[in-house]
Amino acid sequence: STTPVKVAVTGAAGQIGYSLLFRIASGALLGPDTPVELRLLEITPALKALEGVVMELDDCAFPTLAGVQIGDDATKVFDGVNLALLVGARPRGPGMERGDLLEANGGIFAPQGKALNEVAADDIKVTVTGNPANTNALIAMSNAPDIPTERFSALTRLDHNRAISQLAAKLGVPVTEIKKMTIWGNHSATQYPDLFHAEVSGKNAAETVGDQDWLAGTFIPTVAKRGAAIIEARGASSAASAASATIDHARTWVQGTPDGDWVSMAVRSDGSYGVQEGLISSFPVTVKDGQWSIVQGLEIDDFSRGKIDASVAELAEERDAVKGLGLI
Ligand code: NAX
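Predicted model, so just to flag it, every value in this text is computed and none were measured. (Residues numbered from 1 in each chain as written. Predicted model: local features only at pLDDT ≥ 70, side-chain atom pairs only at ≥ 80, totals over all residues. Heavy atoms only, no water.)

Colleague: Please give an account of the layout of surface pockets that cites residues and values.
Modeller: The space that makes up the largest pocket amounts to roughly 1,200 Å³. Of all the secondary structure elements, the ones that give two or more residues to the lining of the largest pocket are helix 1 (15–25), helix 4 (98–119), helix 6 (157–171), helix 9 (226–234) and helix 11 (302–324). In terms of residue class, the lining of the largest pocket is built from 15 nonpolar, 14 polar and nine charged. (1 Å grid on protein atoms, 1.4 Å probe; cavity = no way out; pocket = protein on both sides within 12 Å on 5 of 7 lines; lining within 4 Å. Points joined across faces, edges and corners; volume = space filled by probe spheres on them. Helix = DSSP H or I, 4+ residues; strand = E, 2+ residues; numbered from the N terminus. Nonpolar A, V, L, I, M, F, W, Y, C, P; charged D, E, K, R; others polar.)

Printed below as a string of structure tokens:
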């Protein structure tokens with residue numbers, strides 16, 4: 001088709017944006033035959049820096065980049081958008097309590113949800129990368145009553161990719177041998193990367209590893225704390241890998257999952273696996289024709305049950321906090 005797909009990115013002048021925009025513009029999201037129009041939202045003081053990024057996008061002469069619009073007004077920037085990648089968020093500052101963090105982000109994601117509700121295209125799909133991603137997605141979703149709830153999601157694909165990479169390294173196999181990885185729960189240190197349903201070359205991953213101490217004592221914390229390890233090493237938080245995962249997430253949502261595999265996405269719970277209905281929690285999902293479904297029928301043992309419940313309890317606390325603040 002020659003009609004450009006309109007892709008909104010918020011926080012476009014930030015670190016993740018600096019990697020993400022060039023990947024989208026080069027066709028990594030929608031392929032080499034689909035023109036893309038970028039709609040970039042920033043806060044007013046960052047617009048000048050964003051103009052510089054747009055100059056660089058121009059200088060790439062990407063064949064798939066049909067146009068770029070920038071601005072600080074969500075109702076203009078989101079007008080007619082088909083995909084929205086909500087990356088810009090308020091980071092936790094020194095001495096900031098969780099309530100302050102949730103409130104500051106509510107001030108971003110509630111108006112953005114309302115703007116999407118008002119002006120986005122009918123087929124809008126929303127991906128929240130900005131932290132706290134699950135709860136920010138819940139806030140945006142709750143402020144967009146006319147958009148079907150299944151069009152909102154939060155990013156746990158970076159955690160998913162980290163889990164695949166760690167497992168592949170442990171077993172000395174290519175990442176392509178790993179299927180059916182799952183991240184459950186919140187994109188936070190309570191997340192649960194699950195090897196009991198993952199497969200390595202068609203065999204059960206937990207059995208192949210055969211080392212519960214490594215699984216519980218090394219694998220899970222390494223994946224859950226990888227963001228902090230990147231900050232420690234790089235002096236800045238994950239950016240290129242977060243951008244890559246955001247592309248993976250949105251591309252899977254558009255193109256679907258291959259047979260015999262699934263991905264992790266944080267989506268609105270329908271009560272599956274005992275996850276309280278209405279929370280935006282990460283699940284194993286398959287995608288077909290642009291619609292995700294939670295993989296059903298997996299057996300959850302006591303170890304996994306405890307881990308999932310702990311992360312979901314944190315999501316419920318965040319939900320209660322933003323409800324108390326009148327944000328949802
Ligand atoms: P940066 O601080 O480099 O960039 C954020 C940008 O958002 C800034 O340019 C800022 O001006 C902009 N912004 C703030 N409020 C805005 C608003 N109301 N509308 C539009 N833009 C706004 O952060 P960066 O490293 O790019 O990270 C962005 C977000 O991703 C952070 O919240 C970060 O915590 C989160 N992450 C999420 C990950 C995930 O897996 N879900 C992993 C990576 C990353 O930590």
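Colleague: Explain the pairing of strand 1 (residues 5–10) to me, and be specific about the residues and the numbers.
Modeller: Of all six residues making up strand 1, five are buried, and the element is well covered by its neighbours. Of the pairings in the sheet, the one linking strand 1 to strand 2 (residues 36–41) comprises six bridges and is parallel in character. The partner of V7 across the bridge, within strand 2, is L38. Between the parallel pair strand 1 and strand 2, the chain is carried across by helix 1, and the sense of this crossover is right-handed. (Buried < 20%, exposed > 50% of the residue type's maximum accessible area, 1.4 Å probe, protein only. Pairing = 2+ DSSP bridges. Right-handed = clockwise from strand over helix to strand, strands pointing away.)

Colleague: A description of the site of the ligand should follow, citing residues and the corresponding values.
Modeller: What surrounds the ligand is a group of 22 residues, the closest being Q15, I16, E42, T129 and N131. At a separation of 3.5 Å, an oxygen atom of the ligand approaches a polar backbone atom of G14. Take T129: an N or O atom from its main chain is 3.2 Å from a nitrogen atom of the ligand. For the ligand, whose free accessible area comes to 880 Å², the fraction covered by protein is 81%. The cavity where the ligand resides is the largest pocket. (Near = heavy atom within 4 Å. Polar contact = N/O pair within 3.5 Å; in protein donor to acceptor, adjacent residues only side chain to side chain. Areas by Shrake-Rupley, 256 points an atom, 1.4 Å probe, with all protein chains shown as cover. Sits in = over half its atoms within 2 Å of the grid points.)

Colleague: An account of unusual backbone geometry is requested, with residue identities and associated values reported.
Modeller: One can expect most non-glycine residues to show negative phi and most peptide bonds to be in trans. Across the junction of N131 and P132, the peptide omega takes the value -10°, indicating a cis bond. By the secondary structure assignment, P132 is in the loop between strand 5 (125–128) and helix 5 (133–142). Located in the positive-phi region is K180, a residue other than glycine, with phi close to 55°.

Colleague: How would you summarise the UniProt feature "domain: Lactate/malate dehydrogenase N-terminal" (unreviewed entry) in the protein if you had to cite specific residues and measurements?
Modeller: The UniProt entry lists residues 5–148 under the feature "domain: Lactate/malate dehydrogenase N-terminal" (unreviewed entry), expressed in the numbering used here. Here residues 5–148 runs as 42% helix and 19% strand, with 20 Å between its end C-alpha atoms. (UniProt positions renumbered as here; feature names shortened; annotations may be inferred.)

Colleague: Explain the packing of helix 6 against helix 10 (residues 240–255) to me, using residue names and the numbers behind them.
Modeller: Where helix 6 contacts helix 10, the axes come no closer than 8 Å and their chain directions differ by 105°. Classified by the angle between their axes, helix 6 and helix 10 sit roughly perpendicular to one another. In contact with R157, L158 and N161 of helix 6, helix 10 contributes S241, A242, A245, D248, H249 and T252. By residue class, the composition of the contact of helix 6 with helix 10 is three nonpolar, four polar and two charged. (Axes fitted to C-alpha atoms, helices over the stretch in contact; angles between N-to-C directions. Parallel < 35°, antiparallel > 145°, perpendicular 65-115°, else oblique. Contact = heavy atoms within 4.5 Å.)

Colleague: So what's going on with the sheet that holds strand 3 (residues 65–71)? Which residues, and what values?
Modeller: An order of 3-2-1-4-5-6-12-13-14 is seen for the nine strands of this open sheet, with the pairing classed as mixed. Looking at which strands have only one partner, the edges of the open sheet turn out to be strand 3 and strand 14 (291–294). Put simply, the sheet's adjacent strands are angled 30° from each other on average, direction ignored. Where strand 5 meets strand 6 (residues 152–154), three bridges bridge the pair, whose relative direction is parallel. For V128, the partnering residue across the bridge sits in strand 6 and is A154. Where helix 2 (residues 47–60) meets the sheet, its contacts fall on strand 2 and strand 3, and the angle it forms with strand 3 comes to roughly 170°. In the packing of helix 4 onto the sheet, the strands contacted are strand 1, strand 2, strand 4 (83–86) and strand 5, and the crossing angle to strand 4 comes to about 175°.

Colleague: How would you sum up the environment of L38? Please name residues and give values.
Modeller: Take L38: it is sitting in strand 2. Look at L38 and you get buried, because its relative accessible area is 0%. Separated by 34 residues in sequence, L38 and P4 have C-alpha atoms that sit 9.4 Å apart. The residues touching L38, leaving out its near neighbours within four places in the chain, are V7, L21, I24, A25, L57, L65, G67, V68 and Q69.

Colleague: Go over the packing of aromatic side chains, please, and point to the residues and values.
Modeller: A full pass over the atoms with the stated rule returns six aromatic pairs. Consider the rings of Y18 and F22, whose centres lie 5.6 Å apart with planes at 70°: the pair is edge-to-face. Of this pair, Y18 and F22 both sit in helix 1, four residues apart, roughly one helical turn. We classify F22 as buried; its relative accessible area is 15%. Ring geometry for W184 versus Y273: centroids 5.0 Å apart, planes at 75°, classification edge-to-face. (Phe/Tyr/Trp six-rings, centres within 6.5 Å; stacked < 30°, edge-to-face > 60°.)

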